[in-house]
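# Structure at a glance
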Amino acid sequence: MAPGQKAVVQYAELNRYDRVIVISDLHGDCCGFYGVLNKVGFTQKDALVIVGDILEKGEHSLELLKAVMNCSRAGNLYMVAGNNDVIFSEWYSGEVSDEDVHWYLHSRHSSVIMEMAGQLHMPYDTLEDVKALKAEIRERFAEEIRFLDRLPHILDSGLATFVHAGIKPGSLEEQDRDYCLTAPSFGKQTVPFEKMVIVGHWPASNYSGAVINVNAYFNSATKVISIDGGNSMKDWGQINYLILKDGGIQAGYYDDLPQIKALDAQKETREPLSLIFPDTLLEVVEEGETASKCYFPSLNREMEIANEAIYPYKGKKYSRDFTTYGLPVEEGEILSYCETAQDGILVKRGGIVGKYSGRYVFVNDGSFCGFSGKSH
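Residues numbered from 1 in each chain as written. Predicted model: local features only at pLDDT ≥ 70, side-chain atom pairs only at ≥ 80, totals over all residues. Heavy atoms only, no water.

With that settled, the discussion passes to the sheet that holds strand β15 (residues 281-286). Spatially, the five strands line up as an open sheet ordered β17-β16-β15-β19-β18, and their pairing is antiparallel. Among the strands making up the open sheet, the edge pair consists of β17 (301-306) and β18 (310-313). Each strand axis lies, on average, 55° off the axis of its neighbour in the sheet, ignoring direction. In terms of strand pairing, β15 meets strand β16 (residues 291-296) through three bridges, oriented antiparallel. Counted as the bridge partner of Glu286 is Lys293 from β16. (Pairing = 2+ DSSP bridges. Helix = DSSP H or I, 4+ residues; strand = E, 2+ residues; numbered from the N terminus. Axes fitted to C-alpha atoms, helices over the stretch in contact; angles between N-to-C directions.)

What follows is the structure, given as structure tokens:
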């Protein structure tokens, strides 16, 4: 991103709506988008605010983009750009080169650019392919690109200020675009704001301690609320939402994880340990056949990590997120199944993530994909 560019600010009067529904970081999850709308009972009397990053990570970015554009025609949808939503503006402005995009497409399993290439029946194998694709996308998806280019970086209202990653103290008109899109760990900044600042970008689970909590993170001292639930990125990911109504805030979440019924009770683990990216940075001390002894700077200690859980990223090595926390479970409880883990499975209940080592059966939750409301 080019340094020094000022953020674009949009002002909106949101008090005229019955409710303001706030979501962020959908990351190509179109079914999840409709799932939230259904769960909160969204209507045309409500406003929907999306705090950036509808694109990338997930496998249905183009479908989601079209769905958001369709919803926006009703006039009650507001959205700010996230760092993943400026992929085209950076490409066409030259901030990101064709070479960068070529590398990017061959380093990821999904991208909105790949989806567009698929619809156009065009390859992206070589640099020349990418250059040809660039020209065709600009022509064939002009409406989608125009929608993304017109997104502001900051949405300000009497209720709250909405920005994807963060803002600095001072005038909104003087904010740095790059900071608004990419500020890390903004929920931990210490400067209090006069009214709520609602952000996404940095997963709320990153603010967890020994127990992973995926729910929206409220910093009452600074009036900052971080709502990124790690959707399409974490095994326990969810779409966190806020409902602003009559001066109050209701928080909730949506996910479509499989449900299990616990057949055994389990006690809570004492003194658990959890690590979440980027604190999973490691140095391999002694490589083994199936597991390696690794040093974690964030802990200043060595631990044995399965080799399959170690991966490279930007020239460094990281472990997958992990936890030793055993969730307290009663026999017959319904839990969300996240993934297979050592000594059991990883589960989630009420946004809290932990291990379960007992017996279980899967439950048919009868979920569906589609919006049943009357507003669209």
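Attention now goes to helix α7 (residues 142-149). Of the positions making up α7, those classed as buried are Glu144, Ile145, Phe147 and Leu148. Angular distribution of buried residues about the axis of α7 spans 155°; they occupy a single face of the element. Looking at the buried positions of α7, the neighbouring elements they touch are α2 (61-72), β4 (77-79), α3 (87-93) and α6 (127-140). (Buried < 20%, exposed > 50% of the residue type's maximum accessible area, 1.4 Å probe, protein only. Arc of directions from axis to C-beta. Contact = heavy atoms within 4.5 Å.)

Here we take up the pattern of salt bridges. Within this structure, the stated rule accounts for 16 salt bridges. Notably, a salt bridge pairs Glu174 with Lys6, separated by 3.0 Å at the nearest N-O pair. With Glu174 in the loop between β6 (160-163) and α8 (177-182) and Lys6 in the segment before β1 (9-11), this residue pair connects regions lying 168 residues apart in the sequence. Residues Glu174 and Lys6 agree in their burial class; the two are exposed. (Salt bridge = Lys/Arg side-chain N within 4 Å of Asp/Glu carboxyl O.)

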